[in-house]
Amino acid sequence: MSKLITGLDARQIIDSRGNPTIEVDCYVAGQLAGRAAVPSGASTGQHEALEMRDGGTTWMGKGVGKAVSNVVEDIQEALVGMPVDVQSELDEVIIELDGTANKSNLGANAMLGASMACLHAGANTHELPLWRYIGGVAGGCLPVPMLNILNGGAHAATNVDVQEFMVIPHGFDTFGESLRAGVECYHALKGELQRDGLLGGLGDEGGFAPNLPTNEEGLRYMVKAIEGAGYSTEEIGIALDVASTEFYRDGKYHIDGKAISGEELADIYSGWLDDFPILSIEDGFDEDDWTSWANFTKNDGHRVQCVGDDLFVTQAERLVMGIEAKAANAILVKLNQVGTVTETLETMAIADAAGFNSIISHRSGETEDTTIADLAVGTRAGQIKTGAPARSDRTAKYNQLLRIAEDCDEFASPF
Ligand code: PGA
Ligand code: ZN
């Protein structure tokens, strides 16, 4: 017999950037059975589902009181009495209750909080670890981590345009060894920057945030970090999240002090691919610059993972457009870009069927919530990016993966 939802509760908490966000509790048979908190982006795509904020002056206008009320009033009323372990039906009810294309009625933050809290409650009532509940009979597989050790763009107050410089420690036998190699690169990078007098603050995702003469200099530091830690670039590669929508204005990309076309930017990337061990480039082009995306994927997609984040915003409709246009070959997956667990899984299934890789991702504003770690394992996504191996909002996810690795032996890298 399925257990029934008896209540939802919600509250405003604060995230890793000191901004309000929502946390939701799901009650089954009168007991707290699942809890989840919702993250928040800084370099958000304009096609993302709506994050509901209160406006006004308190909390810099970022309060989530309305989203909290929407959970406690409307969503609770709709879900109470339903079995907790029919995730797709629960999400369908929430989606219908909202009734809008961009989740502007209830707010994607309210909807996702409820959706994820129910997911946790479903796993708990079956006495299963979350990753096993998600994975079902297919079990799970530990993902290769992408660790963002050098932060720029909208996540740092520096002159570096590229938002994320990540290491991908793919040439290892276990998740634990892969993580250890990434941690060692983080410390090697710290040493290199310190030596050059460039060690200053940290970015929003826990990576170092130096000012650098050019973006390419960031790539040189990444190679120094990998080799300085005693590894070869055969076993640890580089991933970039350029987040180029942030510097695309009036039809030009504003990078390294120049204003250039999509074609010129693609030429820069091709040169970088020749000279550096780059395995993955995310958001190399603007979220609506489909032509540049398709040209780059055609020319260089055989030698680099081309990842759509702002381009696809985890939404099936945009992903299908991208598959048809051959605009990319991988998708970044962020639950709060679409607003429910079920829609996220549906988008991943479409990606899989098209031969696109999926990378489960955190947001730059995070909490101690670790749902994405279990999601990455249970869906066998193969890759996760969740920041530097530092600061508790980021390490919460890596540490959860270490716990899961005690029960799940499989570890596979797409590289
Ligand atoms: P965001 O950054 O959470 O600020 O959008 C992460 C990303 O762009 O991948
Ligand atoms: Zn991104």
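Calculation notes
Residues numbered from 1 in each chain as written. Chains lettered and ligands numbered in written order. Predicted model: local features only at pLDDT ≥ 70, side-chain atom pairs only at ≥ 80, totals over all residues. Heavy atoms only, no water. Pairing = 2+ DSSP bridges. Helix = DSSP H or I, 4+ residues; strand = E, 2+ residues; numbered from the N terminus. Axes fitted to C-alpha atoms, helices over the stretch in contact; angles between N-to-C directions. Contact = heavy atoms within 4.5 Å. Salt bridge = Lys/Arg side-chain N within 4 Å of Asp/Glu carboxyl O. Buried < 20%, exposed > 50% of the residue type's maximum accessible area, 1.4 Å probe, protein only. Domains from an automatic or database assignment. Buried area = accessible area lost by both parts, 1.4 Å probe. Polar contact = N/O pair within 3.5 Å; in protein donor to acceptor, adjacent residues only side chain to side chain. Nonpolar A, V, L, I, M, F, W, Y, C, P; charged D, E, K, R; others polar.

Enquirer: Please provide a residue-by-residue account of the sheet that holds strand β2 (residues 20–28), values included.
Expert: Overall, antiparallel pairing links the 3 strands, which are arranged β1-β2-β3 in an open sheet. Among the strands making up the open sheet, the edge pair consists of β1 (5–14) and β3 (31–37). In this sheet, neighbouring strand axes are inclined to one another by 20 degrees on average, regardless of whether the strands run parallel or antiparallel. For β2 and β3, the ladder comprises 6 bridges, and the chain directions are antiparallel. From the neighbouring strand, Tyr 27 faces β3, where its bridge partner is Leu 32. Relative to β1, helix α1 (residues 65–79) is tilted by about 170 degrees, and along the sheet it contacts β1 and β2.

Enquirer: Any details on the pattern of salt bridges? Residues and values, ideally.
Expert: Taken as a whole, this structure holds 22 salt bridges when the rule is applied. Across the salt bridge formed by Asp 25 and Arg 11, the nearest N and O atoms sit 2.6 Å from each other. Of this pair, Asp 25 sits in strand β2 while Arg 11 is found in strand β1, placing the two residues 14 residues apart along the sequence. For Asp 25, a relative accessible area of 1% corresponds to the buried category. Put simply, Lys 103 and Glu 343 hold a salt bridge, and the shortest N to O gap is 2.6 Å. One end of the pair, Lys 103, is in the loop between α2 (87–98) and α3 (108–125); the other, Glu 343, is in helix α11 (residues 341–353), and 240 residues separate them in sequence. Look at the salt bridges and you will find they share partners, linking Arg 11, Glu 23, Asp 25 and Arg 35 into a network.

Enquirer: Can you lay out the domain arrangement of the protein for me, pointing to particular residues and giving the numbers?
Expert: One can read the domain layout of the protein as domain 1 (5–127) and domain 2 (136–404). At the interface, 33 residues of domain 1 touch 29 residues of domain 2. Roughly 2,500 Å² is buried in total at the junction of domain 1 and domain 2, and carbon and sulfur atoms are behind 52% of that figure. For the pair domain 1 and domain 2, the number of links is 3 salt bridges. Among the salt bridges present, the one from Asp 204 reaches Arg 17, with a minimum N-O distance of 2.7 Å. On inspection of domain 1 and its partner domain 2, the count reaches 24 residue pairs in polar contact (both at pLDDT 80 or more). For the side of domain 1 that touches domain 2, the elements supplying multiple residues, two or more each, are β3, α2 and α3. Here the residues of the side of domain 1 that touches domain 2 are counted per class, giving 13 nonpolar, 13 polar and 7 charged.

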